[in-house]
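The primary structure of each chain is shown beneath.
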Amino acid sequence: MQQSLFSQGQAPINPPKKLVSRENLNQAQYEAVTAGDGPVLVIAGAGSGKTRTLVYRMAYLLERGVAPENILLLTFTRKSAQEMLHRAGQLMNDYSQRVLGGTFHAVANLLLRRHGHHLGYSSNFTILDQSDSEGIINLIKSSLELGGAGKRFPTKRVIINIIGKAVNKAMPFAELLEQQYLHLYEYLPDLERIRNHYQKFKFEHGLMDYDDLLVNLKTVLHDFPAVRDEVAARFTNILVDEYQDTNPVQADIVRLMAHGHNNVMVVGDDSQSIYSFRGADFRNIMEFPQIFPGTRVITLEENYRSSQEILTVTNSIIEQATEKYSKKLFSNIAGGAKPVVFGARNETEQARFITDKIIEINQSGVPLAEIAVLFRSGFHSYKLELELTNHRIDFDKRGGLKLTESAHIKDVLSYLRVISNPYDNLAWNRMLLLLDKVGPKTVQNILAKIKDSTDPFAVLEAYPAAKSWAAGFNKLVDLLKTLRENELTPSGYYETALDYYQGIFERIYHDDYPRRSRDLDQLREIISGYDNLQSFIDDTALDPPQPAAESASALANSDKLILSTIHSAKGLEWDTVFVIHLTEGKFPSSQAFLPEEREEERRLLYVAATRARNRLFFTFPREIMSQDRKMTIGGISPFLAEIPAGMVKTTVLPGSMVRQDFTARPIIADRGAKSSDPSSFLAGTGVRHPFFGEGKVEKVIGPRTVEVFFPRHGRKTLHLDYAKLERLK
DNA sequence: TGAGACGCTGTTTTT
DNA sequence: CAGCGTCTCA
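Residues numbered from 1 in each chain as written. Chains lettered and ligands numbered in written order. Predicted model: local features only at pLDDT ≥ 70, side-chain atom pairs only at ≥ 80, totals over all residues. Heavy atoms only, no water.

(A) Expanded view of the environment of Glu-573. Relative to the assigned elements, Glu-573 resides in the loop between helix H24 (566-569) and strand S15 (574-579). A relative accessible area of 35% places Glu-573 in the partly exposed class. The spacing of Glu-573 and Ala-608 is 35 residues in sequence and 9.4 Å in space, taken between C-alpha atoms. Residues contacting Glu-573, with those up to four places away along its chain left out, are Arg-305, Arg-611 and Arg-613. Within the local environment of Glu-573, its side chain forms a polar contact with the side chain of Arg-305, the two groups lying 2.9 Å apart. Side chain to side chain, Glu-573 and Arg-613 meet in a polar contact 2.7 Å long. (Helix = DSSP H or I, 4+ residues; strand = E, 2+ residues; numbered from the N terminus. Buried < 20%, exposed > 50% of the residue type's maximum accessible area, 1.4 Å probe, protein only. Contact = heavy atoms within 4.5 Å. Polar contact = N/O pair within 3.5 Å; in protein donor to acceptor, adjacent residues only side chain to side chain.)

Set out below in structure tokens:
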């Protein structure tokens, strides 16, 4: 499944001839495809044939005699790399399959297995996913005895986000907290301590998180010119997709890998940048020409996907962005209906409307697989999923929870992980905690011995177990011995571990283990496709299989409706697209209150709407059920309200008595007086902040956001739910 | 020291 | 609606 970086010796196939011509490309695409050596930046609007351009560029390079092994294709997901190589394969032949394509993280993984020893990592390091990282934070938090005291101490999730952002933006903690997590400023020293312990923990136990893959690759390329030169010689042509979503570390990696030849083509769209939470900045793409002097810039503006009716609306959405983007799309696809806006009374009515429409459109001849429902967050589709199930409409959900994040899957993986990396302390921790009568204290005692030993397994075997748990402990020791002493296939390891785990499994998940065991069966399917344990373990973090994996089975071309988060829908297109839950507070998310965060929400809507070819629906429920069953009234998303009236058609459900009134109304906060009433912070009000001291409100930016000037710290944007602002009399 | 019960909270997006 | 912290009992 995983391509080896340095595999060689496939039978040579002759390179293709004369595929690239003016007939299958427009002027701008042709220019990009046939550009000579040196750096090229392609600004490619939505639906402008970006993938086509990259695929033909590969064909062109091969035609010109570049060996496929010397081409590197960096993409955002593994899926899109596979898709592009597949399309290239159709165009030419298997020759193109020898191009190395994958995500930055996957390529970093391959390179670091080979070169990581320069940094003190052995080649069997283990990759941590987000929940692994959070687990380490928890261990550290309790060992440092933080968190218990003050209840407002940030959660592991927030901590890991902060650590990640600081790395990806190459920003000191203090500055990051001041800019984005002001309410946590008082914890700066504690957070720094946690971060330092976290880094040390990972290094000592041969673990790398997602950011480490990138940062360590950058470091090894930067600090070891021999490595850099070897890599640059191997990849003489580098193609990068979705460049607007790269962060500064990734930009550096590209620069270092292209050292000496600068044959880099990057493709992207500044108005589709939606990954700032990962440190991406759309300005990166604009700065590309400064990093690579002499860059040729080519802009693709003709849209081949959507009808003009749809483009008129999407253009209007992006035109209202505060940051002006570099292009305006046009289409020659005539006809098509105006996009529809539907305001539902509540979530149930929204779900019913969508289901009815889907049935209607499906019966008119559009396959289900050509219809997609897109939303901001994974849980926004719950109600709809119920409704679809009632109507027996098959769907495939993308994004959201992953198979490998469920506890029982992590349990089984922990046995395989210590076989692959005996210093994987996190896996040890998890595995030992599964023993009956063994808790955190006992585990810490065992781990303390393992940590400094040269042979963790021998130490474990010799550990004096207490009577209450000795029996279970000995079984575990036996299991590990079996796993270690036999050369097995990945499936073999899995079956052996599962055999042992079954008893524990039924004990700890006694109320719902039958449901969970279906996941274990799925994992069995997946692992059977691997012949190497390490690459299986890598993929559980780098390319997590989805719960409803259509993988090996023949379901591949079945006709299913697509439900997807917008982030997971990037780069895809459908005949009909529904964008749902366009309610203030849901989309845009209530989490996004800083101006630049609101702007990203707008780009997100733009990405969603530009996925549609023929039909586009925007729906929003006015009433949203909140957690405590109190009703909350949300207004229409401001982004929708801004669309000029003539561009869309508004619909009412037959019989609905609801007024179609699209005024944006703020959500009525149902949390009582959690924080001060915003109306008491009008411009001019004197306020006191626990960290910044006294200041004066200059401007009210949003319902819960104000801009305050502090004489000692300058102008700050504050959110009333977080900042503990006090009003001065 | 571990296990289980109870009540509170806060909930984006992905490699 | 799960994932916590806290509490109690074994």
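(B) Main features of the sheet that holds strand S8 (residues 296-300). Strand order in the open sheet formed by six strands is S3-S2-S6-S7-S1-S8, and the pairing between neighbours is parallel. Looking along the sheet, the strands with just one partner apiece sit at the ends: strand S3 (100-103) and S8. In this sheet, adjacent strand axes meet at a mean angle of 15° when their direction is disregarded. For strand S1 (residues 40-44) and S8, the ladder comprises five bridges, and the chain directions are parallel. Paired with Val-40 across the strands is Arg-296, a residue of S8. Helix H3 (residues 78-91) contacts strand S2 (71-75) and S3 of the sheet and is inclined by roughly 135° relative to S2. (Pairing = 2+ DSSP bridges. Axes fitted to C-alpha atoms, helices over the stretch in contact; angles between N-to-C directions.)

(C) Quick look at the packing of aromatic side chains. Enumeration according to the criterion identifies 19 aromatic pairs in this entry. Ring plane angle 80° and centroid distance 5.5 Å describe the contact between Tyr-243 and Phe-288, whose orientation is recorded as edge-to-face. Residue Tyr-243 is found in the loop between strand S6 (237-240) and helix H11 (248-257), and its partner Phe-288 is found in helix H12 (residues 283-291); the two are separated by 45 residues along the sequence. Judged by its relative accessible area of 1%, Tyr-243 falls in the buried class. Grouped by ring-pair contacts, the aromatic residues Tyr-415, Tyr-500, Tyr-501, Phe-505, Tyr-509 and Tyr-513 constitute a single cluster. Geometry around Phe-173 places Arg-195 over its ring, the cationic atom sitting 4.3 Å from the centre. Lying across the ring of Phe-76, Lys-570 places its NZ or CZ 4.0 Å from the centre. (Phe/Tyr/Trp six-rings, centres within 6.5 Å; stacked < 30°, edge-to-face > 60°. Lys NZ or Arg CZ within 6 Å of the ring centre and 35° of its normal.)

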